[in-house]
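Residue strings, one per chain:
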Amino acid sequence: MRKQFLTFLALILFASLSIAQEKKPMSWKDIPTWKYMQGNSFRVSPDGQWVAYGIVAAEADGEIILKKISDPDSLAKSFPIGSTTFPSIQFSDDSKWIAFKEYPKFSARKANKGPRSKPLRDKLTLLELGTDEKKTFENVISYSFNNEKASQLAINLAKDGNSKARGSDLLIHHLTADKSQNIGNVTEFRFNKSGSHLAYVVDAANKTGNGLYLMDMAGNSTQILDSDNASYKFINWTEKGDAFAALKMVEDKKFKQPHGKVVGVKNLKSPQITLYDAAKDSTGFDQSHTISGNRRPMWSEDLTRLFYGIHPLELVKKPSPKKELDKDSMKVAQAKAVEKIMADTSLKSITDLQKAIAKVNGKKAAPKKKNDADKPDMSIWHWNDSRLQSQQQSEERRDKNYSMWAMYDVASAKHIALQDDSMNGLSIFPKHLYALGSDNQNYELDINLDGQRYNDLYLVDLKTGTRKELFTKFYLPSFWSNPSPSTDGTKFIYAEDGHYFVHDIVNGNTTNITENLPVTFVNVEDDHNVEKPMVGFLGWSSDSKYILLRDGWDIWQVPLAGKIKPVNLTENGRKEGIRYQYRFGLDPEEKGIDLSKTIYLRTYGEWTKKSGVATLSPTKKSGLKPGVTSLIWDDANVGGLRKAEDADVFFFSKQTFNTPPEMFVTDKSLSSPKQVTKNTPDADKYAWSEGTQLVDYVTDKGDSLQGALFLPANYVKGEKYPTVVYYYEKLSQTRHNWSNPSFSGTGWNPNMYTSNGYAVFIPDIVYKLDDPGMSAVWAVLPAVKAAIATGVVDADNIGIHGHSWGGYQTAFLITQTNMFKAAAAGAPLTNMVSMYDLIYWNGGIGNMAIFESSQGRFRGAPWENWDSYLRNSPVYHVKKVNTPLLMLHNDKDGAVDFTQGIEYYSALRRLKKPVVLVQYKGENHGLSKMENRKDYSVRMMEFFDHHLKGLKAPDWLDKGIDKLDLKEHLEKRSF
C-alpha cells in the first residue's frame, strides 16, 4: 500500500513538473517588449579582448552589453540606452575606451508625439575599459575617436534651435587628461587615418569666420587653411591620411547654383594648399558650367591630380519690368480705395475704419500676376521618351544633382573634363591611372521597354583625359558581366557570350581565360529571360596575376600569363554538393586576395542545408596547389566570420530555426568556440519549433527540388498538424534561419506560427519561361504532397501564404487546385495582361521590362504571347476558385498597383466567392506603420486560426465591418 501511495505521489509530482516545464506559445501582445540582439551592433575591440552589443525592443528600452572575453570569470556589464533599434557603439583603436549613445526612453518618445512635440536629444557615454569610470555628454549628434592615435574623442553637439548658424558646437575631449575644448559652428569634421590631424568646417551666422581648418591633435594647434564668405563641405581624406580635398561653394545671385571651387591640402606639417577656382579659368574651363557641390572631391593616389564633379549653371530669371509696373499700379489702386473708405460715413468706430483699411491693403488691387500657381500642373508623355515621365519624376532629384567627373592637374594647372554628354557613366579604377566610361543613351528606351541591358564602353586615360572606345552595344545579362578592374588598375575582367575575358590596358591584349576549362561559368540555374548570365567570380589576387572564379560549386585559380595551368582549388564542391559561396574578407584594408595567406571561405550544402567555414592554405612550393580544409560544418546557419583588427581572435555567428543568432569566439583554427553573446534573454519562457525536416520532391516537369518543413512547438510524432505553406522562388536555404518574433511588413513570421501550433512548409519553385504561374503549380503541389507523406501535415487543414511575387503564386494556385483550405495573398499580381502595361511607381519604371527580362519570365509582350499571359493570370480563372482568400493590398502600393488587388477582389465578389480585402490607407507595398503591422499580423493569424484550427471567426472575417462602425472596431482591437 505504501509503495502504491509513493508511486501515486511520484506521478502527481511528475505531472506537476511537466505542467510547470511546459512553455507557453508566444502571443502577438508579447512582441512589443520582446528583447533581442541587434546583429549589426556587435562590436569587437581591436585587441580582441572586449565585445559589446545592443539588446533592443520594438516598444521598450534597450541596453548595451559589454563583456571582457579574455577573462572567463568576469561578468557582462549592462548599460541602459533608452529606446532605439540601431544602437551606436565604438571602441577606440587602442582598445582602452568605448563610447556609445543613450537615446530617449520609450515612454518619453510616446509622450512626445503630437503638434507640441519637442526635439529629444541623445546622450553619449564614454567608458574607460576595465574600470567603472564613465563620462556622459548631453545633446549629442555624432562622435568619433581619432582613429589610430586614440587620444581624443570628437563629439558634434545638437544645434541650438535659435541659432542662425548652420554649424553647431564640436567638443574635443582629451581622453587621458579628461578635459574638453569647444569649437563653435562646426558642420563637418573628419580625422585622418592615423588620427594625427582633424579637418573641420566652420559655418557661422552671416558666414563670419567660415572656413576650412586643420587641427594638429598632438600639439593641439589649429591652422586656418581657407576662410571666406562661402560654404565649405565634403572633407575627403586619402586612404593613407596624408592629404585631403574639400569643396568651397560661393553664392552668386545670377545663378541658381553656387560656384564651386576645389581645395586640396597635402604636406600636413606645413600644409600645401591648392585652390582651383573654375570661374577664373576662362581658357580651360567651360564657363557655362561650374564645379558641382553634389560630388565629393578626391586626390589621386599619387597626389598629382584632384578629381571633382562639374555640372551646368542655370541663370536666375530676372523679374520683368511689367511686374514692377504691377506693383506701382497696386499702390495707386490701394490709395484710391483708402480715400473711398475715409469718406464712408457708415463706419461707426476707429476699429471699423482700421479693419477696412487693413482689408484693402491686404488685397491685390492690381491685375493678377502670373506665377507657378497659375500654370498647368502637368506632364507630357511622348512615345519616344527614353524614360517614362514617371521615371523622370522619380529620378528628378538624381538628375538635378548629376555631375560629370573632371580633374585638375596640379603641376600643369590644367583642368580636364573626363566626361561629357556623350558618356554618362565613369568608374575610376584603383591607382587612378585609368577609368571605364559607359553610355547607354542609344539603348535607354529599349532597356526600359524589354529590360535587356546594353552599354557602349570606353577606356579613359586619367593622365590625359583621352578616351578610346572598347565595346559598342555591350550586353549585360547580369551584374557579373560588368568589367571589374584588377588590384593594380591596369587590367579588367568582363564576361561575354558565356566566357570570362581579361583585357590588359597597357598592351591592349584581350584573353579568354575560361575557354579551355572543363566547366562552364554560366549560371545555368538562373531561370530568367536573359542570355548566359554568369556565376559571380571571387576576385583578383593582390598581385593582379590571378583571378579566382566560381563555377557555382568549386573555386578555380586562373593565371593571366605564363605556362601555369588553371587549378580547381576546392575539387570536392560539385562532387559532394557543396557550394563554396564566398570569401570572408577579414582585413578591411586589403587590396585584392593575398594568395600567400590562408583564405577563409563560406561553404553551403545544397542538399543538406548545412553550412560552415573552410580554408584554402597558401602555396608554399611552386607548382603545388593550396589545400582546402573544412573547419566548421554544421546543421546550422554559420557565417559572419570576422577577425579582431590587431589579434588572431576570430568570431563567427551561428543560428538555427529555433535558436537565435549568437556570436562565438575562437582562434584562427576556429576550434573550441565559446559563445560570447546572449540573444533573446526571454526566449526560455516560450515554446519554439521542435526542429526541421527536409522534404525531397520532383516537380511535374522533372526538376528535383527540396522544401523545408518546420515542426510545431510541442510536436508529438505521429500527430498531424495544421500547416501554412509559404514560398517565394527558392527559400529552402532558410531551413536554419531564425525568424525574430516581430511585426513584419507583410504579417508573416514563421516562428510565431510554429510557436502557436502550426507546422510551416517552405518549398522551392523553379520557373519555365512563359509559365510563371503554372511553374508554381508544377512545383508546389508535388511539394505539398511530399510534405503530407511525412505524417506531419494535416492534409485537411493546409493554408498557403505569399507576398508580392509569392502573393501572385497564391492567387494563381487557388485557381488551379482545391488542395488548400485557406489562402492569404499579400499585394498579389492578378492580371498579367493589365499588369504588363502598368507602372512600378516606386521607381517610375514600366512593368514590361520586369515581365520580359526579370521576374515575369515571359518572352515578349502580351500581344505577342496571348496564350501565356492569359494562361498565367489568376483573374481569368477566377470561376475555379473555391478557397477562402484574405488579401492585403494598399492604395499607395508602388510595386504592384492597387488595381491588381481590386480586379481580383471584384471578380471574386461578383461570383460571391469568400474573399476579404484588407487595405491600409497610404501604405506602400509592405506595411511601414507599426500600428498597421500589428493589426494585420493579428488578422492574418485569426484568419488561419478559423479556417485551419476551427476557431470562431471574428466579426471582421465573418460579417465585415461597416465604415460607420470601423472606429469603434479598431479601438477595441488596439494593443
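**A word on the overall build of the chain**
A count of helices and strands for the chain gives 18 helices and 53 strands. A compact globule built from 975 residues should have a C-alpha radius of gyration of about 30 Å, and the chain, at 33 Å, falls within 12% of that. Principal-axis analysis of the C-alpha atoms gives the chain an extent of 110 × 100 × 70 Å. The proportion of buried residues among the 975 residues of the chain is 51%. Partitioning the intrachain contacts of the chain with sequence separation of at least 6 by distance along the chain shows that 55% fall at a separation of at least 24. On the chain, the mean spot of the 126 positive side-chain charges and the mean spot of the 116 negative ones are 4 Å from each other.

**What to know about the packing of aromatic side chains**
Centre-to-centre distance and the angle between the planes together describe a pair of aromatic rings. Using the criterion set out here, one finds 46 aromatic pairs in the structure. Considering the side-chain rings of Phe743 and Phe975, the 6.1 Å spacing of their centres and the 50° angle between planes classify their relative orientation as tilted. With Phe743 in the loop between strand E46 (721-726) and helix H9 (750-755) and Phe975 in the segment after helix H18 (966-973), the pair connects residues that are 232 residues apart, well separated along the chain. With a relative accessible area of 4%, Phe743 lands in the buried category.

**Focus on the sheet that holds strand E1 (residues 36-44)**
Read across the open sheet, the four strands follow the order E1-E2-E3-E4; overall the sheet is antiparallel. Of all the strands in the sheet, the pair left with one neighbour each is E1 and strand E4 (77-82). Neighbouring strand axes in the sheet, compared pairwise and without regard to direction, differ in orientation by 20° on average. The sheet contact formed by strand E2 (residues 50-57) and strand E3 (residues 60-68) spans seven bridges and is antiparallel. Note that in E3 the partner of Tyr53 across the bridge is Ile65.

**Some details on the layout of surface pockets**
Within this model, the largest pocket holds a volume of roughly 1,700 Å³. Tyr920, Asn932, Asp935, Arg939 and Leu970 are the residues nearest the centre of the largest pocket, which is lined by 47 residues in total. Elements with a minimum of two residues in the lining of the largest pocket: helix H2 (106-111), helix H15 (898-910), strand E53 (915-918), helix H16 (930-949), helix H17 (955-958) and H18. The residue makeup of the lining of the largest pocket, split by class, is 22 nonpolar, seven polar and 18 charged.

**Considerations on the pairing of E2**
Of all eight residues that make up E2, eight are buried, and the element is covered over most of its length. Of the two faces of E2, the one carrying Trp50, Ala52, Gly54 and Val56 and the one carrying Val51, Tyr53, Ile55 and Ala57 are both buried. Strand direction decides the pairing type here: E1 and E2, joined by five bridges, are antiparallel. Following the sheet pairing, Val44 is matched in E2 by Val51. Linking two consecutive strands that pair antiparallel, namely E1 and E2, is a turn of five residues; a positive phi of about 75° is found at Gly48 within it. Connecting E2 to the antiparallel partner E3 that follows it, the hairpin turn spans two residues.

**Observations concerning the nonpolar core**
Phe761, Ile800, Leu829, Met832, Phe851, Leu885 and Tyr904 are the most contacted members of the largest nonpolar core, which totals 58 residues. If you tally residues by element for this core, the top one is helix H10 (residues 772-788), at 11 residues. Setting aside residues up to four positions removed in sequence, Ile800 forms contacts with Val725, Tyr727, Thr810, Leu813, Ile814, Phe820, Ala822, Ala823, Ala824 and Phe944. Membership of the second largest hydrophobic core comes to 38 residues, among which are Phe657, Tyr686, Phe710 and Leu731.

**Some remarks on the confidence of the model for the chain**
Chain-level pLDDT for the chain is 92 on average; 91% of the residues reach the 70-or-more range. This stretch, residues 5-20, has a pLDDT under 50; its non-local contacts, to residues over four places away or in other chains, come to zero contacts.

**A short note on a nonpolar patch on the surface**
Side chains of Trp863, Trp866, Leu870 and Tyr876 sit close together on the surface and give an oily, nonpolar patch of about 440 Å² of accessible area. Checked against the element boundaries, Trp863 lands in the loop between helix H13 (847-853) and helix H14 (866-871).

**Describing the packing of H10 against helix H11 (residues 805-813)**
One can describe the packing of H10 onto H11 by two numbers: an axis separation of 9 Å at closest approach and a directional angle of 75°. The pairing of H10 with H11 is recorded here as roughly perpendicular in orientation. Only Trp805, Tyr808, Gln809, Phe812 and Leu813 of H11 make contact with H10, whose side of the interface consists of Pro772, Gly773, Met774, Ala776, Val777, Val780 and Leu781.

**Looking at the sheet that holds strand E34 (residues 555-559)**
Here we have four strands laid out as an open sheet, ordered E32-E33-E34-E35, and antiparallel in their pairing. Unpaired on one side and paired on the other, strand E32 (539-540) and strand E35 (567-568) mark the two borders of the sheet.

**Examining the pattern of salt bridges**
Using the criterion set out here, one finds 39 salt bridges in the structure. The partner of Lys135 in a salt bridge is Asp178, with the nearest N and O atoms 3.8 Å apart. Of this pair, Lys135 sits in strand E8 (residues 134-145) while Asp178 is found in the loop between strand E10 (168-174) and strand E11 (179-191), placing the two residues 43 residues apart along the sequence. Look at Lys135 and you get partly exposed, because its relative accessible area is 31%. Ionic contacts of the salt-bridge type, sharing partners, join the residues Arg387, Glu395, Arg398, Asp399 and Glu444 into one network.

**Thoughts on the environment of Asn679**
As for its placement among the helices and strands, Asn679 is situated in the loop between strand E43 (674-675) and strand E44 (692-698). For Asn679 and Leu66, which are 613 residues apart along the polypeptide, the C-alpha to C-alpha distance reads 13 Å. Not counting residues within four places of it along the chain, the set of residues in contact with Asn679 comprises Tyr36, Met37, Pro660, Pro661 and Glu662. Within the local environment of Asn679, its side chain forms a polar contact with the backbone oxygen of Pro661, the two atoms lying 3.0 Å apart.

**Considerations on H15**
The terminal C-alpha atoms of H15, which comprises 13 residues, lie 18 Å apart, in line with the 18 Å expected from a rise of 1.5 Å per residue. Along H15, the residues that are buried comprise Phe898, Gln900, Gly901, Tyr904, Ala907 and Leu908. Buried residues in H15 make contact with H11, helix H12 (832-836), strand E52 (885-888) and E53. At the exit of H15 stands Lys912, carrying a positive phi of roughly 55°.

**Focus: the pairing of strand E49 (residues 822-826)**
If a strand is regular, its side chains alternate between the two faces of the sheet. Burial of E49 is extensive: five of the five residues sit out of reach of the surface. Covered by surrounding structure in E49 are Ala822, Ala824 and Gly826 together with Ala823 and Ala825, the residues of both alternating faces. By the bridge criterion, five bridges tie strand E48 (residues 793-803) to E49 in an arrangement that is parallel. In the sheet register, His801 faces E49, and the bridge partner there is Ala824. In this fold, the crossover linking E48 to E49 by way of H11 has right-handed handedness. In this structure, E49 lies alongside E52, joined through four bridges in parallel fashion.

**Quick notes on the environment of Glu719**
Summarising the element assignment, Glu719 is placed in the loop between strand E45 (704-710) and E46. For Glu719, a relative accessible area of 40% puts it in the partly exposed group. Counting along the chain gives 74 residues from Glu719 to Val793, while the straight-line C-alpha distance between them is 8.6 Å. Aside from chain neighbours lying at most four places away, what touches Glu719 is Gly791 and Val792.

**Considering the packing of H16 against H18**
As a packed pair, H16 and H18 sit with axes 12 Å apart at the nearest point and diverge in direction by 90°. With respect to their mutual orientation, H16 and H18 come out roughly perpendicular. Of H18, the residues touching H16 (which contributes Asp935, Val938, Arg939 and Glu942) are His969, Leu970 and Arg973.

**Let's talk about unusual backbone geometry**
A positive phi angle, near 60°, is found at Ser544, a position not held by glycine. On the secondary structure map, Ser544 appears in the loop between E32 and strand E33 (546-550). Taking the relative accessible area as the measure of exposure, Ser544 reaches 1% and is therefore buried. At Lys912, a residue that is not glycine, the phi angle is positive and equals roughly 55°. Its place among the elements puts Lys912 in the loop between H15 and E53.

Cut-offs applied
- Residues numbered from 1 in each chain as written.
- Predicted model: local features only at pLDDT ≥ 70, side-chain atom pairs only at ≥ 80, totals over all residues.
- Heavy atoms only, no water.
- Helix = DSSP H or I, 4+ residues; strand = E, 2+ residues; numbered from the N terminus.
- Rg over C-alpha atoms; globule rule 2.2 N^0.38 Å.
- Buried < 20%, exposed > 50% of the residue type's maximum accessible area, 1.4 Å probe, protein only.
- Contact = heavy atoms within 4.5 Å.
- Lys, Arg positive; Asp, Glu negative; His and termini not counted.
- Charge placed at Lys NZ, Arg CZ, Asp CG, Glu CD.
- Phe/Tyr/Trp six-rings, centres within 6.5 Å; stacked < 30°, edge-to-face > 60°.
- Pairing = 2+ DSSP bridges.
- Axes fitted to C-alpha atoms, helices over the stretch in contact; angles between N-to-C directions.
- 1 Å grid on protein atoms, 1.4 Å probe; cavity = no way out; pocket = protein on both sides within 12 Å on 5 of 7 lines; lining within 4 Å.
- Points joined across faces, edges and corners; volume = space filled by probe spheres on them.
- Nonpolar A, V, L, I, M, F, W, Y, C, P; charged D, E, K, R; others polar.
- Core = buried A, V, L, I, M, F, W, Y, C linked by side-chain atoms within 4.5 Å.
- pLDDT = per-residue confidence, 0-100.
- Patch = residues over 30% accessible without salt bridge, like charges linked within 9 Å, V, L, I, M, F, W, Y side chains within 5 Å.
- Areas by Shrake-Rupley, 256 points an atom, 1.4 Å probe, with all protein chains shown as cover.
- Salt bridge = Lys/Arg side-chain N within 4 Å of Asp/Glu carboxyl O.
- Parallel < 35°, antiparallel > 145°, perpendicular 65-115°, else oblique.
- Polar contact = N/O pair within 3.5 Å; in protein donor to acceptor, adjacent residues only side chain to side chain.
- Expected span 1.5 Å × (residues − 1).
- Right-handed = clockwise from strand over helix to strand, strands pointing away.

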